[in-house]
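So you can see what is in the structure, the chains are spelled out below.
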Amino acid sequence: MEINNLDVDISDGLGFFSGTISDLSRFGMKVNNISKRFDDNAKRISVVVTGKGKNFKMKARPRWSVRLPMCKTIGIEITNAPWGWTEFVINFEPQRDDVWGDITI
C-alpha cells in the first residue's frame, strides 16, 4: 500500500543512509531517495523505520533497485520483523466496508 511520512535509515554494513518509504507491506517496502553509494548487492542489511512515534529495527535484504540521476529506489524484503510490526502496518491499511452488514436474511 502507498504510504507517506515514514523515514527509514539503512545500513549495508559499510555505511548508513537515510530515505523515505513510499510503499509498505508486512513483508517488504519500497524505499526512495537512498544514496547511490548504498550497496544494493549486500546480502543482509539493517533497517530502522521511524514514524507515528515508533521505531522498528529489523533485518532485511535488497530485492531490486533502480538507479536515478541523484539517488536510488530500492525494494526491500523484511527477513526478521520485530513484535508489533504487523500491527503497525495494519494501522496504515485503508478501512474496508463491511459488505456483510447490508445483507439481511
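Everything below is about the structure shown above.
Nothing here was measured: the structure is a model prediction, and the numbers come from that model.

Cut-off values and rules
Throughout, residues of each chain are indexed from 1 in the direction in which the sequence is written. Predicted model: local features are reported for residues with pLDDT of at least 70 only, side-chain atom pairs are reported and counted for 80 or more only, and whole-chain, interface and lining totals are derived from all residues. To obtain the side-chain values, all non-hydrogen atoms of the structure were used and water was disregarded. Pairing between strands is defined by DSSP: at least two bridges between the two strands are required. Strands are runs of DSSP state E lasting at least two residues, helices are runs of H or I lasting at least four, and both sets are numbered from the N terminus onward. Fitted lines through C-alpha atoms give the axes, limited to the stretch in contact for helices. The angle between two N-to-C directions lies from 0 to 180 degrees. Like charges are joined within 9 Å and nonpolar side chains (Val, Leu, Ile, Met, Phe, Trp, Tyr) within 5 Å, but only among residues with over 30% relative accessible area and no salt bridge; these make up the patches. Computed with a 1.4 Å probe, the accessible areas rest on the Shrake-Rupley method; for each residue, only the protein chains presented here act as cover. When a carboxyl oxygen of Asp or Glu is within 4 Å of a side-chain nitrogen of Lys or Arg, the pair counts as a salt bridge. When the centres of two rings from Phe, Tyr and Trp lie within 6.5 Å, Trp using its six-membered ring, the rings pair. Their planes under 30 degrees apart give stacked, over 60 give edge-to-face, and anything left gives tilted. Only protein chains enter the accessibility calculation, which uses a 1.4 Å probe; a residue whose area is less than 20% of its type maximum is buried, one above 50% is exposed, and one in between is partly exposed.

Peer 1: Could you clarify how one ought to interpret the sheet that holds strand β3 (residues 28-34) in this entry?
Peer 2: Pairing between sheet strands relies on hydrogen bonds along the backbone, with the strands arranged either parallel or antiparallel. The strand order around the closed barrel built from six strands is β1-β2-β3-β6-β5-β4, with neighbouring strands paired in antiparallel fashion. The average angle at which neighbouring strand axes cross in this sheet is 45°, direction not considered. Examined bridge by bridge, strand β1 (residues 7-11) and strand β4 (residues 45-51) share five bridges and lie antiparallel to one another. Pairing of D9 across the sheet is with V48, part of β4.

Peer 1: Can you walk me through a nonpolar patch on the surface in this structure?
Peer 2: On the surface, a cluster of nonpolar side chains totalling about 250 Å² of accessible area is made up of W64, V66 and L68. Among the structural elements, L68 can be located in the loop between β5 (54-67) and β6 (72-80).

Peer 1: So what exactly am I meant to see when it comes to the packing of aromatic side chains here?
Peer 2: The way to describe two aromatic rings as a pair is by their centre distance and the angle between their planes. Evaluated as defined, the whole model comprises four aromatic pairs. Judged by centre distance (4.8 Å) and plane angle (50°), the rings of F56 and F88 are tilted. Here F88 lies in helix α1 (residues 85-90) and F56 lies in strand β5, a separation of 32 residues in the sequence. Exposure remark for F56: the relative accessible area of 7% places this residue in the buried category. Put simply, the rings of F56, W85 and F88 pair up and form one aromatic cluster.

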